[in-house]
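Understanding the architecture of this molecule
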Amino acid sequence: MKIGIIGAMVEEITPLLEFFKNAHLNIQTQTIGGNVYHCIHIKQDSVYIAYSKIGKVHSALVATMMISYFGCEKILFSGVAGGLRKDLQVGDLLIATKLCQHDVDISAFGHPLGFIPESAVFIESDAELNSIARSVAGSIGKELKEGVVASGDQFINDDSKKQWIIQTFGACAVEMEGASVAVVCAAFGVPFCIFRSISDSADTNADISFDEFLESASKVSAKFCIEFIKKLGVGI
Ligand code: 3QA
């Protein structure tokens, strides 16, 4: 089985690479289109890890490469997010049940916000991978939240913008890559699962909180990601 793991920022994949280094597994790298892909071959399985750079365009590029160049059959995203719900505090972990693009607006033509013709406002993540995620959480005793994740090419640090995203899309978390990864995976029929740990609350304090908790929240998500691929049967 070939599994692709994407992060947006280098900090989000560093703990994953550390894990494989510490496990004394050989990591090969390949640079294509401005991204470095780390390839780890474990018996009959392969794990591909890359950070895309920030935003929907970069993450779509990497998801496309993971699937159509490297042949990944499952895509995981591991990283951090801004929490929009009171029960999503720094360090909490969530999976996206479905994803939308909060910055898509062709409402001038009567379309709903977030809607693109021949696409949909919400793209659902894979039910089977999500249920594996729940069982992983159960077995390591980590609480796993879930809900709608809204992606857009903006770092949200504004209370009214935050409220608008909650009201418009029913989102529980905000980030900048999940929905584009979802669009690519859905287009190719590749199952995907998006894990995010909370780094901030997308409010006026979000930039400070993000800087403080990027590293620790990335570790929470990465740790979960490792347990997840073990559950998928990767022999590490
Ligand atoms: C933020 C990162 C981007 O990849 C999306 C983090 C956490 N909190 C968020 C929020 N709004 C939107 N997204 C998020 N990731 C990029 S800006 C910081 C860049 O610093 C999720 C996320 N509130 C680079 C150093 O200058």
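You'll find the structure just up there.
Parameters and conventions
- Residues numbered from 1 in each chain as written.
- Predicted model: local features only at pLDDT ≥ 70, side-chain atom pairs only at ≥ 80, totals over all residues.
- Heavy atoms only, no water.
- Phe/Tyr/Trp six-rings, centres within 6.5 Å; stacked < 30°, edge-to-face > 60°.
- Buried < 20%, exposed > 50% of the residue type's maximum accessible area, 1.4 Å probe, protein only.
- Helix = DSSP H or I, 4+ residues; strand = E, 2+ residues; numbered from the N terminus.
- Pairing = 2+ DSSP bridges.
- Expected span 1.5 Å × (residues − 1).

What follows is about the packing of aromatic side chains. Counted according to the given criterion, the structure contains eight aromatic pairs. Here Phe19 and Phe20 contribute two aromatic rings whose centre-to-centre distance is 5.3 Å and whose plane-to-plane angle is 85°, an arrangement assigned as edge-to-face. With a relative accessible area of 26%, Phe19 lands in the partly exposed category. With a relative accessible area of 0%, Phe20 lands in the buried category. Both rings, one in Trp164 and one in Phe169, keep their centres 5.8 Å apart while their planes meet at 80°; by these two values the pair is edge-to-face. In this structure Trp164 comes out as partly exposed when scored by relative accessible area, which is 32%. With a relative accessible area of 4%, Phe169 lands in the buried category. Within the aromatic cluster, the residues linked to one another by ring pairs are Tyr37, Tyr48, Tyr69 and Phe70.

This part covers the pairing of strand β9 (residues 171-175). Where burial is concerned, most of β9 is hidden: five out of the five residues are buried. Where strand β5 (residues 74-83) and β9 come together, two bridges link them in antiparallel fashion. When the sheet's bridge partners are listed, Gly82 is paired in β9 with Val174. With four bridges joining them, strand β8 (residues 144-151) and β9 adopt parallel strand pairing. Paired with Val148 across the strands is Ala171, a residue of β9.

Further remarks concern helix α2 (residues 56-69). With 14 residues, α2 ought to run about 20 Å at 1.5 Å a step, and its terminal C-alpha atoms sit 19 Å apart, in line with that. Burial in α2 covers these residues: Lys56, Ser59, Ala60, Val62, Ala63, Met65, Met66 and Ile67.

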